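# Structural features, examined
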Amino acid sequence: MLQPNERAEITRLWERKVRQDSLNLPFDQRHRNLEPSSAETISTIAAGIGARQILEIGGSSGISTIALAAAARDVDGRLTSLERERDRQEEARQTLAGLGLDSYVNFILGEAADALPTLPAMNFVLIDCEKDDYIPFFNMLAIAPGGVVVADNIISHSLVEYSGRVRAYPDCESLTLPIGKGLEITWLSKGKTSSAVR
Ligand SMILES: C[S@@+](CC[C@H](N)C(=O)[O-])C[C@H]1O[C@@H](n2cnc3c(N)ncnc32)[C@H](O)[C@@H]1O
């Protein structure tokens, strides 16, 4: 469960993002972050299923990283955080260190497509990167039986193709939660193997 100091950091990062948006800054000067309500949701699910191997695709400056590292701490697990922007990941690293959560995180800097084939089967995955990559990255994932994949921005970006793809997967149950920008929560009772290279 997220602790008060972890929630405070999530709030600080979120309020910065909202401020940047309201100032209408150029996009490259704005942070893109997960809503605090979505952070609470993913943290609760990952800890609730006892996910020992947790992955996020798109860590950025770290709201989801805090949420999932807290879950990893609670279940003696480990978070792998993939991010290709150095400065964003460096900020997340420092924030997690300040919270004492960095020892639960394996930060990987680079293209997710390069890292995914090297990773073990996961119990919980957050997909929060460029929308065109959602389906190829879902295909590349290895998921342990009973694992959960969560994808953000389903409602805000009308990602019906992604929802359709995961719902067609065998032995899977999936729904969109109207939390934050819309979370597709996909439970794979038998797991899945990596079925494609990008
Ligand atoms: C919406 S932000 C993630 C927000 C983050 N989950 C949070 O809670 O603050 C998306 C991030 O995904 C990263 N990203 C997008 N495509 C990627 C890829 N192919 N490999 C690695 N990182 C990627 C971007 O650099 C960006 O920082």
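This report concerns the structure included in the present document. Since the structure is predicted, the reported quantities are computational estimates derived from the model, not experimental observations.

This part takes up the packing of helix 2 (residues 36-48) against helix 3 (residues 63-75). Pairs of packed helices are described in terms of their axes, by the angle between the two and the distance that separates them. Between helix 2 and helix 3, the shortest axis-to-axis distance is 8 Å and the interhelical angle comes to 25°. Taken together, helix 2 and helix 3 sit at an angle that is classed as roughly parallel. The element helix 2 and its partner helix 3 pack so that their crossing is right-handed. The segment helix 2 lies against helix 3, with Ala39, Ile42, Ser43, Ala46 and Ala47 engaging Ile63, Ser64, Ala67, Leu68, Ala70, Ala71 and Val75. Here the residues of the contact of helix 2 with helix 3 are counted per class, giving ten nonpolar, two polar and no charged.

For soluble globular proteins, the rule of thumb is that nonpolar side chains tend to be buried together. Core analysis: the biggest nonpolar cluster contains 31 residues, and Ile42, Ile54, Ile66, Leu68, Phe124 and Val150 have the highest contact counts within it. Residue assignment for this core shows that the elements contributing at least two residues are helix 1 (4-22), helix 2, helix 3, helix 4 (86-98), strand 3 (105-109), strand 4 (122-127), strand 5 (143-151) and strand 7 (183-188). Of all the elements, helix 3 adds the most residues to this core, at eight residues. For isoleucine 54, the contacting residues outside a window of four places in its chain are Ala46, Leu68, Ala71, Ala72, Arg78, Leu79, Thr80, Met122 and Phe124.

Let us now look at helix 1. In an α-helix there are 3.6 residues to a turn, and that puts residues three or four apart on one side. Its 19 residues give helix 1 an end-to-end C-alpha distance of 27 Å, which sits within 8% of 27 Å, the value for a rise of 1.5 Å per residue. For helix 1, the secondary structure elements touched by its buried residues are helix 2, helix 3 and helix 4. Following helix 1 by one or two positions, asparagine 24 has its phi on the positive side, about 60°.

The next point concerns the environment of threonine 80. If you trace the backbone, threonine 80 turns up in strand 2 (residues 78-83). Put simply, threonine 80 and threonine 118 are 38 residues apart on the chain and 12 Å apart in space, counted from C-alpha to C-alpha. Those residues in contact with threonine 80 that lie beyond four places of it in its chain are Ile54, Leu55, Glu56, Asn106, Ile108, Leu119 and Met122.

Turning to the state of the cysteines, a few remarks are in order. Counted under the stated rule, the structure contains zero disulfides. Note on cysteine 129: no disulfide assigned, nearest cysteine sulfur contributed by cysteine 172 at a separation of 19 Å. Given a relative accessible area of 10%, cysteine 129 falls into the buried group.

To continue, consider the packing of aromatic side chains. Tallying each qualifying case throughout the model produces three aromatic pairs. The interplanar angle of 85° and the centroid separation of 5.6 Å between the aromatic rings of tyrosine 134 and tyrosine 162 together place this pair among those described as edge-to-face. Here tyrosine 162 lies in helix 7 (residues 160-167) and tyrosine 134 lies in helix 6 (residues 134-140), a separation of 28 residues in the sequence. Judged on exposure class, the residue tyrosine 134 and its partner tyrosine 162 are both buried. Look at phenylalanine 138 and tyrosine 162: their rings are 6.2 Å apart centre to centre, the planes differ by 90°, and that puts the pair in the edge-to-face class. A residue pair is termed long-range when its members are at least 10 positions apart, and phenylalanine 138 in helix 6 and tyrosine 162 in helix 7 qualify at 24 residues. Per residue, the accessibility class of phenylalanine 138 equals that of tyrosine 162, and both read buried. Aromatic ring contacts, followed pair by pair, group Tyr134, Phe138, Tyr162 and Tyr169 into a single cluster.

Now for the side chain of serine 61. As for its placement among the helices and strands, serine 61 is situated in the loop between strand 1 (53-57) and helix 3. Among the residues examined, serine 61 registers a relative accessible area of 0% and is labelled buried. Within the structure, the side chain of serine 61 is placed 3.1 Å from the side chain of asparagine 33, a separation counted as a polar contact. Once residues lying within four places of it in the same chain are set aside, the contact partners of serine 61 are Leu13, Arg16, His31, Asn33, Arg88, Glu91 and Ala92.

This part is about the site of the ligand. Around the ligand, the structure places 19 residues, and the nearest of them are Asn33, Gly58, Ser64, Glu83 and Asp128. Here an oxygen atom of the ligand sits 2.7 Å away from a polar atom, N or O, in the side chain of asparagine 33. In this structure, aspartate 128 approaches the ligand through a side-chain N or O atom, which is 2.8 Å from a nitrogen atom. Contact with the protein chains removes 97% of the 600 Å² of surface that the ligand exposes when unbound. Grouping the constituent residues of the shell around the ligand by class yields five nonpolar, seven polar and seven charged.

Calculation rules
Residues numbered from 1 in each chain as written. Predicted model: local features only at pLDDT ≥ 70, side-chain atom pairs only at ≥ 80, totals over all residues. Heavy atoms only, no water. Axes fitted to C-alpha atoms, helices over the stretch in contact; angles between N-to-C directions. Helix = DSSP H or I, 4+ residues; strand = E, 2+ residues; numbered from the N terminus. Parallel < 35°, antiparallel > 145°, perpendicular 65-115°, else oblique. Left-handed = near helix turned anticlockwise from the far one by under 90°. Contact = heavy atoms within 4.5 Å. Nonpolar A, V, L, I, M, F, W, Y, C, P; charged D, E, K, R; others polar. Core = buried A, V, L, I, M, F, W, Y, C linked by side-chain atoms within 4.5 Å. Buried < 20%, exposed > 50% of the residue type's maximum accessible area, 1.4 Å probe, protein only. Expected span 1.5 Å × (residues − 1). Disulfide = S-S within 2.5 Å. Phe/Tyr/Trp six-rings, centres within 6.5 Å; stacked < 30°, edge-to-face > 60°. Polar contact = N/O pair within 3.5 Å; in protein donor to acceptor, adjacent residues only side chain to side chain. Near = heavy atom within 4 Å. Areas by Shrake-Rupley, 256 points an atom, 1.4 Å probe, with all protein chains shown as cover.

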